[in-house]
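Reading the structure
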Amino acid sequence: SQRTLVLLKPDTVRRGLVGQVLSRLEAKGLALVAMELRTIDAAQADRHYAEHVERDFYPPLRDFVTSGPLVALVVEGDEAIEVVRALNGATDGRKAAPGTIRGDLSLSNRENLVHGSDSPESAEREIGLWFPHL
Ligand code: ATP
């Protein structure tokens, strides 16, 4: 079994969709290992998105992810990394397939509700960054 880091970004909290998104992860059979409501500063955003800090889309993304509380969680299950990314859907909510979290609930490329680690290496790095005790 595998662990992955999931973020329910500030739009999920603001829109009152935490329960709905969490339900999908739970219903799929993923186990909750850690979960915390947290408001992050720019330094934590930069560490999390280290691979994106130089990109054009990053400054507004940083403003967005620091704009209010988000829910950080670690979930565990068979192939959890790929499973979460499949549940999340394509990055752009306007293009994500119906049936996915973004496809059903987001109409934005930036405010796309969720994050999921994209590889075992990212999962290990991100879990260490958000939940150093794990
Ligand atoms: P995540 O890493 O959040 O699960 P992802 O892997 O689908 O999403 P990345 O390409 O890693 O997407 O981009 C990270 C985040 O940056 C996206 O989730 C989105 O919020 C934002 N983002 C990516 N591309 C754009 C863009 N072109 N315009 C605006 N925001 C973007």
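- Under the annotation held in an unreviewed UniProt entry, the protein chain carries the name Nucleoside diphosphate kinase and is attributed to Nocardioides lentus.
- Turning to the protein chain, the UniProt annotation filed under Sequence similarities (unreviewed entry) states: "Belongs to the NDK family."
- Taken directly from UniProt, the Cofactor (unreviewed entry) text for the protein chain runs: "Mg(2+)".

Digging into the site of the ligand
- Neighbouring the ligand are the residues His-52, Phe-57, Leu-61, Thr-91, Asn-109, Arg-110, Asn-112, His-115, Gly-116 and Asp-118.
- Here the shell around the ligand is built from residues that sort into 2 nonpolar, 6 polar and 2 charged.

Overview of the UniProt feature "active site" (unreviewed entry) in the protein chain
- In the UniProt entry, the feature "active site" (unreviewed entry) is given for His-115.
- Looking at the element boundaries, His-115 is found in strand E4 (residues 114–116).
- With residues near it in sequence (within four places) discarded, His-115 still touches Val-6, Leu-7 and Lys-9.

A few points about the nonpolar core
- Of all hydrophobic cores here, the largest spans 24 residues; its most connected members are Val-6, Val-75 and Val-114.
- Elements with a contribution of two residues or more to this core: strand E1 (2–8), helix H2 (18–28), strand E3 (70–77), helix H5 (80–88), helix H6 (101–105) and helix H7 (120–130).
- It is E3 that provides the largest number of residues to this core, a total of 5 residues.
- In this structure Val-6 touches Leu-25, Leu-73, Val-75, Val-84, Val-114, His-115 and Gly-116, once residues within four positions along its chain are discounted.

A short note on unusual backbone geometry
- Look at Glu-79: it is not a glycine, yet its phi comes out positive at around 55°.
- Mapping Glu-79 onto the fold places it in the loop between E3 and H5.
- For Glu-79, a count of 11 C-beta atoms within 10 Å translates into the label exposed.
- Of note in the backbone geometry, Leu-113 takes a positive phi value of approximately 70° without being a glycine.
- Among the secondary structure elements, Leu-113 is positioned in the loop between H6 and E4.

What counts, and at which threshold
In this numbering scheme, every chain counts its residues from 1 along its sequence in written order. In keeping with the predicted nature of the model, local features appear solely for residues at pLDDT of at least 70, side-chain atom pairs appear and are counted solely at 80 or more, and the whole-chain, interface and lining totals rest on all residues. UniProt positions are given in the numbering used here, feature names are shortened, and annotations may be inferred rather than shown by experiment. In this entry, near means the residue's backbone-placed C-beta atom lies within 6 Å of the molecule or strand. All residues other than Ala, Val, Leu, Ile, Met, Phe, Trp, Tyr, Cys, Pro, Asp, Glu, Lys and Arg, Gly among them, are scored as polar; the first ten of these are nonpolar and the last four charged. Starting at the N terminus, helices and strands are each numbered in turn, a helix being any DSSP run of H or I of at least four residues and a strand any DSSP run of E of at least two. For the purpose of contact definition, each residue receives a C-beta atom placed from its backbone, and two residues are in contact when these atoms lie within 7 Å. Only buried residues count toward a nonpolar core: Ala, Val, Leu, Ile, Met, Phe, Trp, Tyr and Cys, linked into one set through C-beta atoms within 7 Å. Here the C-beta atoms are placed from the backbone, and a residue counts as buried if at least 20 other C-beta atoms lie within 10 Å of its own, exposed if 12 or fewer do, and partly exposed otherwise.

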